[in-house]
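Secondary and tertiary structure notes
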Amino acid sequence: TAWYYAVFAIRGGVPSASAATSGPHLRLADPTDVVVEAGDRQVALRWTRPPGCTAVEVWREPGAPPKAAGKGVRVATSGDSAVDQGLENGSSYGYLVVACFTDPRDGRGVMRAPGVGRQATPVAPPPIVSDLKARREDRVVLLSWTSPARGDVQIRQTRTLPSMSPGRIIPLSSVGHLGAPVTTTGRAT
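Residues numbered from 1 in each chain as written. Predicted model: local features only at pLDDT ≥ 70, side-chain atom pairs only at ≥ 80, totals over all residues. Heavy atoms only, no water.

1. Comments concerning the overall build of the protein chain
Stated precisely, the cut-off is as follows: Counting from the N terminus, the helices are DSSP H or I runs at least four residues long and the strands are E runs at least two residues long. For every residue, the accessible area obtained with a 1.4 Å probe (protein chains only) is divided by the maximum for its type, and the residue is called buried under 20%, exposed over 50%, and partly exposed between those limits. The contact criterion used throughout is that any non-hydrogen atoms of two residues lie within 4.5 Å.
The number of helices and strands found in the protein chain is zero helices and 16 strands. Here the C-alpha coordinates of the protein chain stretch approximately 90 × 40 × 25 Å along the principal axes. When each of the 189 residues of the protein chain is scored for burial, the buried share is 23%. When contacts within the protein chain are restricted to residue pairs at least 6 apart in sequence, those whose partners lie at least 24 apart make up 55%.

The structure is reproduced here in structure tokens:
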């Protein structure tokens, strides 16, 4: 929203005949709900645009978010998300997600909000658990498997088998649809 300001002088309750004016001024807002998820050699980002925003730019630098838009490498965006691919696993990357607005003074220029900084470190996924065995003892189901050399195992219980192939990377923020978590009592061998 463009804002305009006027300053009037008042003496004895009588305002001046004219005012000093300033504007238009644009109140800039950053994207909200910025989520960054690291995967295998990639980082996925998504956000919610502020009202009046015409575009969002994403900038990347190694180690920490860039100090300002235009610094580092610009990451291609699609709608309200971006996927930065071809990264090195184990290296930290900083991102700056910047909301862009049309300059109300000329209708052509671009004004940028300060931006929201985030960091992520891509990692290779752990090996697949491929030997899950289930055995029933009365009202208890006992599960066993070979633990991977690295990473943790998370068990989910569901009424239907999820439709996905082994090896598919699923962000932790998206595993809720895979069923309720099951508490484990120890590490399988």
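Don't stop here, the text continues.
2. Considering the nonpolar core
Put simply, the test is: Among buried residues, those of type Ala, Val, Leu, Ile, Met, Phe, Trp, Tyr and Cys that are joined through side-chain atoms within 4.5 Å constitute a nonpolar core.
Counting 20 residues, the largest nonpolar core has V43, L45, W47, V58, Y95, V97 and F101 as the members making the most contacts within it. Broken down by secondary-structure element, the contributors of at least two residues to this core are strand 6 (42-48), strand 7 (55-62), strand 10 (93-102) and strand 12 (116-120). Among the elements that line this core, the one with the most residues is strand 10, at five residues. Dropping the residues within four chain positions of it, F101 is found in contact with L26, L28, A29, P50, P51, G52, C53, T54, G109, V110, M111 and A113.

3. Comments concerning the environment of T102
When you line up the elements, T102 lands in strand 10. For T102, a relative accessible area of 35% gives the class partly exposed. Residues T102 and G52, 50 residues apart in the sequence, show an inter-C-alpha distance of 8.5 Å. Setting aside residues up to four positions removed in sequence, T102 forms contacts with L26, T54, G107, R108 and G109.

4. Re the packing of aromatic side chains
Put simply, the rule is: Stacked, edge-to-face and tilted labels apply to pairs of Phe, Tyr and Trp rings (six-membered ring for Trp) whose centres lie within 6.5 Å, assigned for plane angles under 30 degrees, over 60, and everything in between, in that order. Look at NZ for Lys and CZ for Arg. If either is within 6 Å of the ring centre and within 35 degrees of the ring normal, a charge sits over the ring.
On inspection of all chains with the given rule, the structure shows zero aromatic pairs. Lying across the ring of W3, R27 places its NZ or CZ 4.7 Å from the centre.

5. Some words on the environment of R136
To keep things clear, this is the line we draw: We define a polar contact as two N or O atoms separated by no more than 3.5 Å, with the added condition that, inside protein, one atom must be a possible hydrogen donor and the other a possible acceptor, whereas residues neighbouring each other in sequence contribute only through side-chain atom pairs.
As for its placement among the helices and strands, R136 is situated in strand 13 (residues 133-137). Here D138 takes part through its backbone oxygen, which lies 3.1 Å from a polar atom of the side chain of R136.

6. Focus: the pairing of strand 13
To be explicit about the condition: At least two DSSP bridges between two strands are required for those strands to pair.
Little of strand 13 is tucked away, with zero of its five residues classed as buried. By the bridge criterion, five bridges tie strand 13 to strand 14 (residues 140-144) in an arrangement that is antiparallel. Counted as the bridge partner of A134 is L143 from strand 14. Counting the residues that bridge the hairpin from strand 13 to strand 14 gives two residues, and of these D138 lies at a positive phi of roughly 55°.

7. Re the side chain of R60
Secondary-structure assignment places R60 in strand 7. Here D84 takes part through its side chain, which lies 2.5 Å from a polar atom of the side chain of R60. Every residue in contact with R60, bar those within four places of it in the chain, is listed here: P66, K71, G72, V73, V75, D84, L87, Y93, G94 and Y95.

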